[in-house]
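Listed here are the chains, written in short residue letters.
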Amino acid sequence: MATHLKNLSDFSGSEIPSAAPYRFGIVVAEWNAEITNALYQGAYNSLIANGAAAGNIETYPVPGSFELTSGADILLKTGRFDAVICLGCVIQGETRHFDFICNAVANGISNVSVKYSKPVIFGVLTTDNQQQAIDRAGGKHGNKGDEAAFTAIKMAELAKTLEA
Ligand SMILES: Nc1c(NC[C@H](O)[C@H](O)[C@H](O)CO)[nH]c(=O)[nH]c1=O
Ligand SMILES: CC(=O)[C@@H](O)COP(=O)(O)O
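Not measured: the values here are computed from a predicted model.

1. Observations regarding the pairing of strand β1 (residues 24-29)
Link 1 in the chain: In terms of residue burial, β1 counts as a mostly covered element, since six of its six residues are buried.
Link 2 in the chain: Here β1 shows no split at all, with Phe24, Ile26 and Val28 on one side and Gly25, Val27 and Ala29 on the other all buried.
Link 3 in the chain: Strand direction decides the pairing type here: β1 and strand β2 (residues 57-62), joined by six bridges, are parallel. Counterpart to phenylalanine 24 in the pairing with β2 is isoleucine 57.
Link 4 in the chain: For the crossover from β1 across helix α1 (residues 33-49) to β2, the handedness is right-handed.
Link 5 in the chain: Where β1 and strand β3 (residues 83-91) come together, five bridges link them in parallel fashion.

In structure tokens:
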């Protein structure tokens, strides 16, 4: 469903398991910091609101969205986390650089998730312009950071339920 038809943060509490048992890593890109900081606030607040302990959330900055993949890999290599949330905002410029970054980070974090059999959540806005990003980082279309947190909790629960 297209985002403009759904408020990203429109989850009822009954749909989200408790986050209390889980440790979360959050990797945040510094590019477009006004946007990524808003995504981070949404993700952090949503984890806490669903029972995560503040001491079970570790947050690390990386320069740009392209570095989210290696950031997630570094965190999961520690063995300390049940899920990693990757937050970034890639805004189309004049060149095809946008396409290379978006494809690299989407494919990269998927590969890291499979490498460690741990959820790595794609909380990366890929927009045509700044306004579209503002609208999805606490604006009229909700906050993708909320969505990323809910997804991380649900996936951590799934992994725990099926672990050997
Ligand atoms: N243009 C954007 C970037 N560019 C930087 C890259 O992510 C990367 O840090 C650089 O290519 C060095 O490896 N990053 C974003 O997150 N958002 C952008 O709009
Ligand atoms: C997504 C980007 O890397 C982009 O913002 C860089 O801008 P440009 O394509 O004009 O160099």
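2. Side note on the UniProt feature "binding site: (2S)-2-hydroxy-3-oxobutyl phosphate" (unreviewed entry) in the protein
Link 1 in the chain: Residues annotated by UniProt as "binding site: (2S)-2-hydroxy-3-oxobutyl phosphate" (unreviewed entry) correspond here to Glu94, Thr95 and Arg136. Of the residues just listed, which span 43 residues, the most distant C-alpha pair is 23.3 Å apart, and they do not cluster in one region.
Link 2 in the chain: Here glutamate 94 shows up in the loop between β3 and α3 (97-116).
Link 3 in the chain: Among the residues examined, glutamate 94 registers a relative accessible area of 85% and is labelled exposed.
Link 4 in the chain: Among the structural elements, arginine 136 can be located in the loop between α4 (130-135) and β5 (137-139).
Link 5 in the chain: Of the polar contacts made by the side chain of arginine 136, one reaches the backbone oxygen of glutamine 132; its length is 3.0 Å.

3. A few points about the nonpolar core
Link 1 in the chain: Core analysis: the biggest nonpolar cluster contains 27 residues, and Phe24, Ile26, Ile35, Leu47, Ile85, Leu87 and Leu125 have the highest contact counts within it.
Link 2 in the chain: Here isoleucine 85 is in contact with Gly25, Ile26, Val27, Leu47, Ile121, Ala148, Ala149 and Ala152, once residues within four sequence places are set aside.
Link 3 in the chain: Core analysis: the second largest hydrophobic core is formed by 19 residues, Ile101, Val105, Val112 and Val120 among them.

What counts, and at which threshold
Residues numbered from 1 in each chain as written. Chains lettered and ligands numbered in written order. Predicted model: local features only at pLDDT ≥ 70, side-chain atom pairs only at ≥ 80, totals over all residues. Heavy atoms only, no water. Buried < 20%, exposed > 50% of the residue type's maximum accessible area, 1.4 Å probe, protein only. Helix = DSSP H or I, 4+ residues; strand = E, 2+ residues; numbered from the N terminus. Pairing = 2+ DSSP bridges. Right-handed = clockwise from strand over helix to strand, strands pointing away. UniProt positions renumbered as here; feature names shortened; annotations may be inferred. Polar contact = N/O pair within 3.5 Å; in protein donor to acceptor, adjacent residues only side chain to side chain. Core = buried A, V, L, I, M, F, W, Y, C linked by side-chain atoms within 4.5 Å. Contact = heavy atoms within 4.5 Å.

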